Every structure is written in structure tokens, then in C-alpha cells.
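# Coordinates in review
The lines below spell out each chain.
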Amino acid sequence: MQFTAKQISEFINGTIEGDADAKVEELSKIESGQAGSLCFLSNPKYENYLYSTNASVVIVGQDFVPSEPVKSTLIKVADPYSAFSVLLEKYNEVNQLNTQSGIEQPCFIHPSAKLGSNVFVAAFSYIAENVVIGDNTKVMAQVYIGPDSRIGDNCVFFPGVKIYNKSIIGDRVMIHSNTVIGSDGFGFAPQKDGTYSKIAQIGNVVIEDDVEIGSNTSIDRATMGSTFIRKGVKLDNLIQIAHNVDVGEHSVVAAQTGISGSTKLGEKSVVGGQVGIAGHLSLAKGTQIGAQAGINFNTSEENKQWHGSPAQPLRDWMRASVIFKQLPAVEKRIAFLESSIKQLKALIDQNSTINNNER
């Protein structure tokens, strides 16, 4: 589909400098933009590409003033990156998802399941008894949706997603391939003979509106009650969310992070990659955790940064990191001082012996 610069500017509340009728039909990076493409400039390091790109339209900041002549039509907005991300999402919807509709065969849909209008179900998917799916939801190939689950409107489940029974998923939720929602929590009771007895996990998972979950992520059902992924949460690939965890609204969690059972992550928190968070903790609103940190304590101060394992406040961690880098040199200095002290002690002992003999 083609759009003019004028149409795009109206959609993202921008102002035009150049040809309002310039047409675009694809999105591209600024360094490889060709005629008919739309790109954006947000990072000043890429400004030099603006003067050589062949892109028809470029989105820039509203205060940007080019230092050289520009061939492209410019659309000025408050935040070029955010504006372009909105266009990327719309482009994705038009070119990938909205073209699919209807029920493909072979697939299984239980007679008791209720599907809303314009639902797409791809081949080899399985929708169990008493499932309810809202309008405009897309269920791709080999997706499993377990009994008594509730799915909202405008969701997308990519190939291989598995949703266990009684899961509740809100509107506009996107779940990427091979993610598992509602698998059993890791609950085992130690026995006197050293073995472990499985504890039944009878709860569920509740995912609220506007959540996106990356591929190969596991979110365990609660032992009792619910595991919560609150509104607006964004989860990366390869994340483990344990039973009864509560991830606060609009939090972001990066890949390979594990959150142990019954921990509550405050709203608008940011968790880096490979972070480990112990169980039964409560972390404050706006908590920021650096990559590979280990958290094994509650936090109460909002919007605080934590780094290291075990984690510590950012400033303390930075000081400790400087000292850590100096440890080899410090070790040499200590060895030198110990050797010097040993030599000095030997010299003192020798002088003491001589003095005693002279007496």
C-alpha cells in the first residue's frame, strides 16, 4: 500500500518540510533508504546518512535543522523513534496479520468453544472445551488453548504457543512462538526419605491488556490463586516467571531473567538480562535492575537502581567495580608489603641478637 507524506504526518501529528505528496510503500533504515521508503533519524550519530539517503520521507525531531541540503521530504515530530515505532506496528498489522482470516483445516475446535467475529485459526491448532476467544484474535499454526481459558479481543498467538487450562488473557496481547502459559509451578515437598512429593498446582495465569511476551518464555500457573502479568508488561524471550509471581503494570523484563515464586515486582520496573530474583520478595515501584544482578532482599525505595550479585545500589556497585579491577595490583602490593615486613622483622631480630651478644 502507498501513503503520502501528508497522510503519514496527519497520523503521527507531524509537520512537513518538502513534498507533501511524496509517496512511500515500505519502511527502511536511513542508511539503506531507497526511493519509495520511509525512515527516521533519532540518533545524531546517523545524521550524515540523511544527506545521502534516497528515502522519499524521513521522520526527524521537531527542532532538527539540517546542516546540508536534503533530498528527502522531512516530517518533524516530538519523538521520531516513538513515531516510527507506531508506523512499524501498523505496517506489521497490514502486511502480516490482517491478511489472515477464517478457520483453516485441519484444526480442532471443541463444539463448546465460543469464537468472536473475525477470528483466525490456523491449521493444526487445538481449541479445547469452554474456551472463549474475543473478536479479531489470530491463532497461528500449532497453538494449543486449554479448557476454560478466556482470550480477549485483538490478540495474536504465534505458532507453537501453548496455553494451559483456565488461563485468562486480556485484550491486545501478543505471545510469540513456543511460549508456555500456565505450566505447573515448581512445587515439591521434601520427604523424610529424601525424595520429593509433587504439590498440585491448581491456580491459573492472568495476563492483562496490552502485554507482549517473547518466544520460549514460561509463565507458571499459581499453586493457588493466580500468577499475574499486569497491564502493559513487556517480556523478552527466554524468561521464567514462577508460580504466584505478580509483575506490575508497564514493567519491562529482558531475556534470560528468572523470577522465583510469589515475588511481586513493582509497576514500571525495568529488569535487565540474566537477572535472578529470589522468591517471596516485594520490589518497589520503578525498581531498575542491571544485567546479571541477583536480588535476594525486599526493596522499599522507589525508582532505585540495583547492580551486581548480590545486588547493591548503583553507586556502591560502581565503587566496588573499580576496586575489583584493581585487585591484581593490590594483591602484588600486599605481597610486596608482606615480604618487606618479613625482611624488616628479620633485620630487627638480627640486630636484637647482636645487641644481646654485645651485652
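To be clear, the structure that these remarks concern was listed above.
Residues numbered from 1 in each chain as written. Predicted model: local features only at pLDDT ≥ 70, side-chain atom pairs only at ≥ 80, totals over all residues. Heavy atoms only, no water.

### Looking at the sheet that holds strand β40 (residues 312-313)
Selection criterion: Here, any two strands with at least 2 DSSP bridges between them count as paired. Secondary structure elements follow DSSP: runs of H or I no shorter than four residues count as helices, runs of E no shorter than two count as strands, and numbering proceeds from the N terminus.
Taken in spatial order, the 12 strands line up as β8-β11-β14-β17-β20-β25-β28-β31-β34-β37-β39-β40 in an open sheet, and their pairing is mixed. Two strands in the sheet have a free side with no partner beyond their single neighbour: β8 (102-103) and β40. By the bridge criterion, 2 bridges tie strand β14 (residues 138-139) to strand β17 (residues 156-157) in an arrangement that is parallel. Residue pairing for β17: Val139 is matched across the bridge by Phe157.

### Concerning the pattern of salt bridges
Heads up, the rule is: A side-chain nitrogen of Lys or Arg and a carboxyl oxygen of Asp or Glu constitute a salt bridge if their distance falls within 4 Å. Summary of the burial criterion: residues with accessible area below 20% of their type's maximum are buried, those above 50% are exposed, and those between are partly exposed, where the area comes from a 1.4 Å probe applied to protein chains only.
Inspection of the entire model under this criterion finds 8 salt bridges. The residue Lys6 makes a salt bridge to Glu10 at a minimum N-O spacing of 2.6 Å. Of the two residues, Lys6 and Glu10 both sit in helix α1 (residues 5-11), 4 residues apart, roughly one turn of that helix. A salt bridge links Asp316 to Arg319; the shortest N-O distance between them is 3.3 Å. Taken together, the positions of Asp316 and Arg319, both in helix α4 (residues 314-358) and 3 residues apart, correspond to about one turn of that helix. By relative accessible area, Asp316 is classed as partly exposed at 35%.

### Section: the environment of Phe158
Looking at where Phe158 falls in the secondary structure, it is placed in the loop between β17 and β18 (162-163). Its relative accessible area of 10% is what places Phe158 among the buried residues. With 63 residues separating them in the primary sequence, Phe158 and Arg221 have C-alpha atoms 20 Å apart.

### Some details on the environment of Ile229
Tracing the sequence through the fold places Ile229 in strand β27 (residues 226-229). Since its relative accessible area comes to 0%, Ile229 is described here as buried. C-alpha of Ile229 to C-alpha of Ile241: the two residues are 12 residues apart in sequence and 9.3 Å apart in space.

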